[in-house]
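Listed below are the residues making up each chain.
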Amino acid sequence: PGHPIFLVIGGEGTLDRMLYPFINDHLAKTFGAFVVQPEHRFYGESQPVGSTLDNLPTNAQLETLLTPHQAMEDMLAITQHYRYEELGCSADKSSEHYCPVISVGGSYPGFLSAMMRLVHPEIVDIGYASSAPLLLYSQDADQYGYYEVVTKSADVASPGCADAVKSTLMAVVDDIVQEGDDSDKFDDVAARMGICIDTIPAYITSAELFAQESMMIVEDTFADANMDFYPPSEETDMAQMCKIFQDSVLSPTDKVAAFYARLMAGDDYQEDVKEIRIEQHEKRKKKQEEPTCFEMRTPLPPGPNSTVSCSDWSGCGPGLDSFMWEFQECSHLVVQTGFSDKSMFPPRPFTMKWLTEHCQSKFEVSPQPYLLVEKW
């Protein structure tokens, strides 16, 4: 009693490690603090209805139980339990045995941290929010800003990278569209891009849609690389991917094929393919062989009517956590993220019409972009 409690907020993923070692290893020791790190409901092992990839929650269960407000209340209840039941802290703020609570989070958890302090100041004494997407969730941010920052980062990683990526992707898109919707020609351009033809999702029935979805994989991967681009160096994923697109010997299609080949070699991709093969082992006789081409269904989130372009255009991916995040972005955490002419990616605006149709198809819900603004 009498020492701080650091509430490290879990977000849209499994908690298998301490999110911020500096808090646990330094701040907690310096201040004699207690650290609690609750996992967000419906992520990792925190499954209120016992969700698994083979037993996904119903849309009604998600609508009823998966909200930012409920996740926030969970974490505060856990913190209060430790505060008073386990640590014996005083509720009197003037007492030497009072234990101030400091919430900490980054990105979506940063948003939750700020809201905890705003909504429950009687519990949270200090709310630290890093990179909290408040303006995104309030629909006040420029939808093109995110990928324009990714573009700038690419040029920092390797000067000239952005122009090389843009010219390559635009040339490949033109190639795809010119081939048209004829199935033979469609398969030919996909094969030249290094994509396994038999893994192109069934919903992709036009050249335009194939171009959008194949480009989204590139865009999402660069977005992930941007988040890991610190400290900047030639060994980062961002710099290594830039080298592929800046290779003057390769044709535009060969560059994209080389990009997909690099993606295939990554540990995350191999784990994703393994999961997919386990699920579909009856359909795939060569499940034990290493892929020699990129399996395009790999980025698809679980569940019916999934698409590569998910509700979060900065990337979702496969796995149970991705399914849950897709729902959150389809309901209360609406983030409009598009691609402008200033970015290094083919222009594509994000529209609420597209999101509404996607979310109705996927979860039978309509996005509520202003619900949290009105609530909080």
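Residues numbered from 1 in each chain as written. Predicted model: local features only at pLDDT ≥ 70, side-chain atom pairs only at ≥ 80, totals over all residues. Heavy atoms only, no water.

Observations regarding the nonpolar core
Residues M193, F210, F222, Y260 and F345 are the most contacted members of the largest nonpolar core, which totals 87 residues. The dominant element in this core, judged by the number of residues it contributes, is helix α9 (residues 207-227), at 10 residues. Residues within four places of F345 in sequence aside, it is in contact with Y147, V150, V165, K166, L169, E219, F222, F339 and S340. Residues F6, I23, A33 and I102 belong to the second largest nonpolar core, which totals 8 residues. (Core = buried A, V, L, I, M, F, W, Y, C linked by side-chain atoms within 4.5 Å. Buried < 20%, exposed > 50% of the residue type's maximum accessible area, 1.4 Å probe, protein only. Helix = DSSP H or I, 4+ residues; strand = E, 2+ residues; numbered from the N terminus. Contact = heavy atoms within 4.5 Å.)

Here we look at the packing of aromatic side chains
With the rule as written, the count across this model stands at 21 aromatic pairs. With a centroid separation of 5.9 Å and an interplanar angle of 65°, the aromatic rings of F259 and Y260 are classed as edge-to-face. Per residue, the accessibility class of F259 equals that of Y260, and both read buried. Taken together, a centroid distance of 5.9 Å and an interplanar angle of 75° make the contact between F339 and F345 edge-to-face. Across this residue pair, the class does not change: F339 and F345 are buried. Ring pairs connect the aromatic residues Y146, Y147, F222, F245, F259, Y260, F294, W313, F339, F345, F350 and W354, which therefore count as one cluster. (Phe/Tyr/Trp six-rings, centres within 6.5 Å; stacked < 30°, edge-to-face > 60°.)

What about helix α7 (residues 161-179)?
For α7, built from 19 residues, the straight-helix expectation of 27 Å at 1.5 Å per residue is met to within 8% by its first-to-last C-alpha distance of 27 Å. If you check which residues of α7 are buried, you get C161, A162, A164, V165, K166, T168, L169, V172, V173, D175 and I176. Taken from the residues just after α7, G180 is the one with a positive phi, measuring 80°. (Expected span 1.5 Å × (residues − 1).)

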